[in-house]
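# Architecture and fold: a report
Each chain, letter by letter, is given below.
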Amino acid sequence: MKTTLATLALTFMLTASFALGHGGVELGPQGGRILEFSKNESMHGEVTVKDGKFHIAVLDKDMKPVALADQSLTATGGTRQKPEKLTVEKTDTGFVLPAVEPGQWLIVQFKENAKAKAITARMEYDTSTCEACDAAEWVCKCTQNKEKTKDAKAGK
Ligand SMILES: [Zn+2]
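Calculation rules
Residues numbered from 1 in each chain as written. Predicted model: local features only at pLDDT ≥ 70, side-chain atom pairs only at ≥ 80, totals over all residues. Helix = DSSP H or I, 4+ residues; strand = E, 2+ residues; numbered from the N terminus. Contact = placed C-beta atoms within 7 Å. Buried ≥ 20, exposed ≤ 12 C-beta atoms within 10 Å, placed from the backbone. Pairing = 2+ DSSP bridges. Axes fitted to C-alpha atoms, helices over the stretch in contact; angles between N-to-C directions. Core = buried A, V, L, I, M, F, W, Y, C linked by C-beta atoms within 7 Å. Domains from an automatic or database assignment.

### Structural notes on the overall build of the chain
The helix and strand tally for the chain stands at two helices and nine strands. Ordered by position in the sequence, the α and β elements of the chain form the string α-β-β-β-β-β-β-β-β-β-α. Counting contacts in the chain only where the partners sit at least 6 residues apart, residues at least 24 apart contribute 40% of the total.

Here's what the structure looks like:
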C-alpha cells in the first residue's frame, strides 16, 4: 500500500511538472501564440490574426524569423465531427490561412523539407477574454498564476 501511494505521488509529480512545462501558452515577438515546430525547440511557429486570417511566421530557436524555402505546412480546422482542410498560402516569411471559428481547434503539420518528418502542433482558438490580463484566452499566458494576477488587479 505504501509503495502504491509513493508511486502514485511520483506519477502525479511527474505529470504536474510535465503540465507546467508544456501547458503554459508561450507568446512570440509579435505577441502571437507560439507553436512547437520541432521536437527540440529549434523551430517555432508564431500565430497572429489579421483580417480574419491566421498568419504563421516561422521562427528559429532564438525566435528570429526564418526565411522560407522548403518548409511546408498543412492545416485543419473545423470540429472533431467535421474536420476541414484549410487552404494554406506560403509567403516569404510564413504561412497564411483562414482563421478557424472561435472555439475551434487549429491543427497544423509542419515539415522543414520534403524529407523531414511532419511535426503536428495544435491550439484552441479561444477568443474569450481572460479576466486577469484582458487578452484573448488563446494568447493569454497567465494561466499558471491566474488567481495571483486577479488578486493583484483587484488590489490596485
Ligand atoms: Zn490572462
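### Describing unusual backbone geometry
With a phi angle near 65 degrees, Met63 is a residue other than glycine that sits in the positive phi range. Of note, the phi angle at Asp134 is positive, near 65 degrees, even though the residue is not glycine. Looking at where Asp134 falls in the secondary structure, it is placed in the loop between strand S9 (119–124) and helix H2 (146–155). Residue classification places Asp134 among the exposed positions, given that 9 C-beta atoms sit within 10 Å.

### Side note on the sheet that holds strand S8 (residues 105–111)
As summarised here, the arrangement of the four strands in space is S5-S4-S8-S9, forming an open sheet in which the pairing is antiparallel. The open sheet has two edge strands, strand S5 (83–86) and S9, and neither has a second partner. On average, adjacent strands in this sheet sit at an angle of 25 degrees to one another, irrespective of strand direction.

### Side note on the sheet that holds strand S7 (residues 94–98)
As a general point, the strands of a sheet are linked pairwise by backbone hydrogen bonds and lie either parallel or antiparallel. Read from one edge to the other, the open sheet built from five strands follows the order S1-S2-S3-S7-S6, with strand pairing classed as antiparallel. Both outer strands of the open sheet, strand S1 (33–36) and strand S6 (89–90), are each paired with one neighbouring strand and no more. Sheet topology places strand S3 (residues 53–60) next to S7; five bridges connect them, and they run antiparallel. Note that in S7 the partner of His55 across the bridge is Val96.

### Some details on the nonpolar core
Ranked by internal contacts, the top residues of the largest apolar core, which has 24 residues, are Leu35, Phe37, Ile56, Leu73, Ala75, Leu106 and Val108. Residues lining this core come from more than one domain, with at least three contributed by each of domain 1 (25–125) and domain 2 (129–156). What Ala75 contacts, discounting residues up to four positions off in sequence, is Leu86, Val88, Leu97, Leu106, Ile107 and Val108.

### Description of the environment of Glu41
Among the structural elements, Glu41 can be located in the loop between S1 and strand S2 (43–50). Residues Glu41 and Asp62 lie 21 residues apart in sequence; the distance between their C-alpha atoms is 9.3 Å.

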